[in-house]
Amino acid sequence: MMEVVPGVYKLSGPWDQADLGANVYLVAEGGELTLIDSGYAGKAVRILKRVHNLGFTAHRITHIIVTHNHPDHVGSLAALKKMTGAKVIAHQADAPYIEGRLPQPGPFRPALYKALWHPLLKLLQAEPATVDIAVSDNEELPVAGGIRVIHTPGHTPGSICIYLKQKRLMFTGDLIARRLDIKLPSLAFTADIPQLLKSIHKLAGIEFDVACFGHGWPLKHDASRKVKEFAGKLRN
Ligand SMILES: [Zn+2]
Ligand SMILES: [Zn+2]
């Protein structure tokens, strides 16, 4: 666990994939607690324990914002919702997958990879959870001290970045990831690569200081300049 900036915590350990799945973040702002993403299935108790260990009352989690429908981000969503009564926020285009009205899409390429993964993905299938607040591009909500939704489709149709206005902090979901440098997300799991690239350019047009990725370590300084540099190297 680490404090990214005051009031924003990365609940997952250094190796997010081996720990919770994707990174899970906690925002403690205005007397309310908000989670960003929920990890794989079976991680709810571990997540709430870490919230408790930070000195917070886990049942004060009022919202869970989901960056997109993949099982490493929504796996423990239904369980966390049951345990806390939190409201789920997600983009309207991913809501049918999160709610189980459409099957969660598997990897998209190559075809063989998809065939290999299919049985495994069944195991990773997340328990459906109702989306209470279905959002769209540019929507502002008085959650976590004030957020703006940036619709960045491509990885999934309803992928979103969440801008935390007070902290000048961007949660990128799987639009981009980070190892040492910023990198593309898993393309095998990306629905539409040209659209993903377009969305990265969209993000590159926004100013922010801090970036928190779905996978990898946060960038604490100069984050939007680094995203711009990365976008500049990509072909459209
Ligand atoms: Zn992911
Ligand atoms: Zn993903």
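Below is a short write-up of the structure. (Residues numbered from 1 in each chain as written. Chains lettered and ligands numbered in written order. Predicted model: local features only at pLDDT ≥ 70, side-chain atom pairs only at ≥ 80, totals over all residues. Heavy atoms only, no water.)

Quick notes on the environment of methionine 170
No. 1: Within the secondary structure, methionine 170 is located in strand 11 (residues 169–173).
No. 2: Separated by 38 residues in sequence, methionine 170 and phenylalanine 208 place their C-alpha atoms 6.7 Å apart.
No. 3: Methionine 170 has contacts with Ile150, Cys161, Ile162, Tyr163, Leu203, Ile206, Phe208, Val210, Ala211 and Cys212, leaving out every residue within four places of it along the chain. (Helix = DSSP H or I, 4+ residues; strand = E, 2+ residues; numbered from the N terminus. Contact = heavy atoms within 4.5 Å.)

A closer look at the nonpolar core
No. 1: Judged by nonpolar contacts, the single largest core of 29 residues is most densely connected at Leu11, Leu26, Leu35, Val51, Ile61 and Leu77.
No. 2: Elements represented by at least two residues in this core include exactly strand 3 (25–29), strand 4 (32–36), helix 2 (44–53), strand 5 (61–65), helix 4 (77–84), strand 6 (87–91) and helix 5 (95–98).
No. 3: The element that contributes the greatest number of residues to this core is helix 2, accounting for four residues.
No. 4: What leucine 77 contacts, discounting residues up to four positions off in sequence, is Ser38, Ile64, Val66, Val88, Ile98 and Ala129.
No. 5: Ile176, Leu203, Ile206 and Phe230 belong to the second largest nonpolar core, which has 22 residues in total. (Core = buried A, V, L, I, M, F, W, Y, C linked by side-chain atoms within 4.5 Å. Buried < 20%, exposed > 50% of the residue type's maximum accessible area, 1.4 Å probe, protein only.)

Structural notes on the coordination of the zinc ion (ligand 2)
No. 1: The zinc ion (ligand 2) binds to the protein through His68 (NE2), His70 (ND1), His155 (NE2) and Asp174 (OD); the donor distances cover 2.1 to 2.3 Å.
No. 2: For the zinc ion (ligand 2), the four donor atoms in the first shell make angles of 90 to 171° at the metal, so the coordination geometry reads as irregular.
No. 3: Counting the intervening residues between successive donors of the zinc ion (ligand 2) yields the motif H-x1-H-x84-H-x18-D.
No. 4: A distance of 3.5 Å spans the gap from the zinc ion (ligand 2) to the zinc ion (ligand 1), which aspartate 174 bridges by coordinating each metal. Of this pair, histidine 70 sits in the loop between strand 5 and helix 3 (71–74) while aspartate 174 sits in the loop between strand 11 and strand 12 (177–178), and the two are 104 residues apart along the sequence. For the residue pair histidine 70 and aspartate 174, the accessibility class agrees, reading buried in each case. (Donors = N, O, S within 2.8 Å, 3.2 Å for Na, K, Ca; no water. Tetrahedral: all angles 85-135°; square planar, octahedral: opposite > 155°, others 65-115°.)

Some thoughts on the sheet that holds strand 6
No. 1: What the seven strands build is an open sheet, ordered 1-2-3-4-5-6-7; its pairing is mixed. Bordering the open sheet on either side are strand 1 (2–5) and strand 7 (133–135), each of which pairs with just one other strand. Each strand axis lies, on average, 25° off the axis of its neighbour in the sheet, ignoring direction.
No. 2: Sheet topology places strand 5 next to strand 6; three bridges connect them, and they run parallel. Bridge pairing in strand 6 places histidine 63 opposite lysine 87.
No. 3: Sitting on the sheet, helix 2 is in contact with strand 3, strand 4 and strand 5, with an inclination near 140° to strand 4.
No. 4: Seen against the sheet, helix 4 touches strand 4, strand 5 and strand 6 and runs at an angle of roughly 165° to strand 5. (Pairing = 2+ DSSP bridges. Axes fitted to C-alpha atoms, helices over the stretch in contact; angles between N-to-C directions.)

Treat this as a map of the structure, not an account of what it does.
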